[in-house]
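Okay, here's what each chain looks like letter by letter:
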Amino acid sequence: KAGSAMVESCIGILLLCLILFGILQVSSLVSARSVLNYAAISTARSASVGLNDFMLYKVSHYASIPTAGPNTTPAGFSTKRLGGKSAGSIWENSIARDNAPVSDLGTYELAVREAYHLAGTTRFDSILDYENWGRDETGIHVEYERDNNELISLTIDQTVPLVFPFSRVFFGHLAPVDAIRGDHVGTYPGKQISATAVIEDHAEHYLKGN
């Protein structure tokens, strides 16, 4: 009976883990879709005031940093973890207003945003770069067109690697892509996400000379 109970417990725990990580992976995909929706809107607004393709590239990439994977340039950043020796103390620290976790990388991103947007073609990658940006299958792709009704229709798409444990159980039918998880590169299912924004085209007015 004891052995039977142990086997049943192991099976139950495995099923619970599958459900938990499946929910977390779906939540991550929903978050990625929201990020790309925001990136599409930001890039379309930049196109509507006359920014060129090179600038749109940087705007779209900066706006989609949450789906960009680990940072590669600059390197060496770490996130300050919450203090506490028990789950209860860590939870109390997490909800305390003065003990919010601080990301050194996030602080750096905000500080160099203007420098990244204003940098030339040979400098901006040295200011800010991420793992997914350097891979064609997981990078950001932008397409836009202007129609006769003075509208800009802009689409951003990205294949997001699903790196959560057990992701192959739920998404094994998706095309595999290479991505970093931890310290090594692995092959994971990739979900293509697309976002479209339509906005009025005011570039002619912004670029018109006085």
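Residues numbered from 1 in each chain as written. Predicted model: local features only at pLDDT ≥ 70, side-chain atom pairs only at ≥ 80, totals over all residues. Heavy atoms only, no water.

Some points on the side chain of Glu 131
Relative to the helices and strands, Glu 131 resides in the loop between strand S2 (129-130) and strand S3 (141-146). On the basis of relative accessible area, Glu 131 is assigned to the buried category, the value being 12%. If sequence neighbours within four positions are ignored, Glu 131 has contacts with Ala 68, Pro 70, Thr 72 and Ile 180. (Helix = DSSP H or I, 4+ residues; strand = E, 2+ residues; numbered from the N terminus. Buried < 20%, exposed > 50% of the residue type's maximum accessible area, 1.4 Å probe, protein only. Contact = heavy atoms within 4.5 Å.)

Here we look at a negative patch on the surface
Together, Glu 145, Asp 147, Glu 150, Glu 200 and Glu 204 give the surface a local cluster of negative charge. Topologically, Glu 204 is positioned in helix H8 (residues 203-207). Look at Glu 204 and you get exposed, because its relative accessible area is 57%. (Patch = residues over 30% accessible without salt bridge, like charges linked within 9 Å, V, L, I, M, F, W, Y side chains within 5 Å. Areas by Shrake-Rupley, 256 points an atom, 1.4 Å probe, with all protein chains shown as cover. Salt bridge = Lys/Arg side-chain N within 4 Å of Asp/Glu carboxyl O. Lys, Arg positive; Asp, Glu negative; His and termini not counted. Charge placed at Lys NZ, Arg CZ, Asp CG, Glu CD.)

Quick look at a nonpolar patch on the surface
A grouping of Leu 14, Phe 166, Val 169 and Phe 170 is seen on the molecular surface, where their side chains present a nonpolar patch of about 350 Å² in accessible area. With respect to the element layout, Val 169 can be found in helix H7 (residues 167-171). Take Val 169: its relative accessible area is 56%, and that puts it in the exposed class.

Thoughts on the environment of Trp 133
Summarising the element assignment, Trp 133 is placed in the loop between S2 and S3. As for Trp 133 and Ile 65, which are separated by 68 residues in sequence, their C-alpha atoms are 9.4 Å apart. Those residues within four positions of Trp 133 in sequence are excluded, and the remaining contacts are His 61, Tyr 62, Ser 64, Ile 65, Ala 68, Tyr 116 and Leu 128.

Take it as geometry only, folks, not as evidence of what the structure does.
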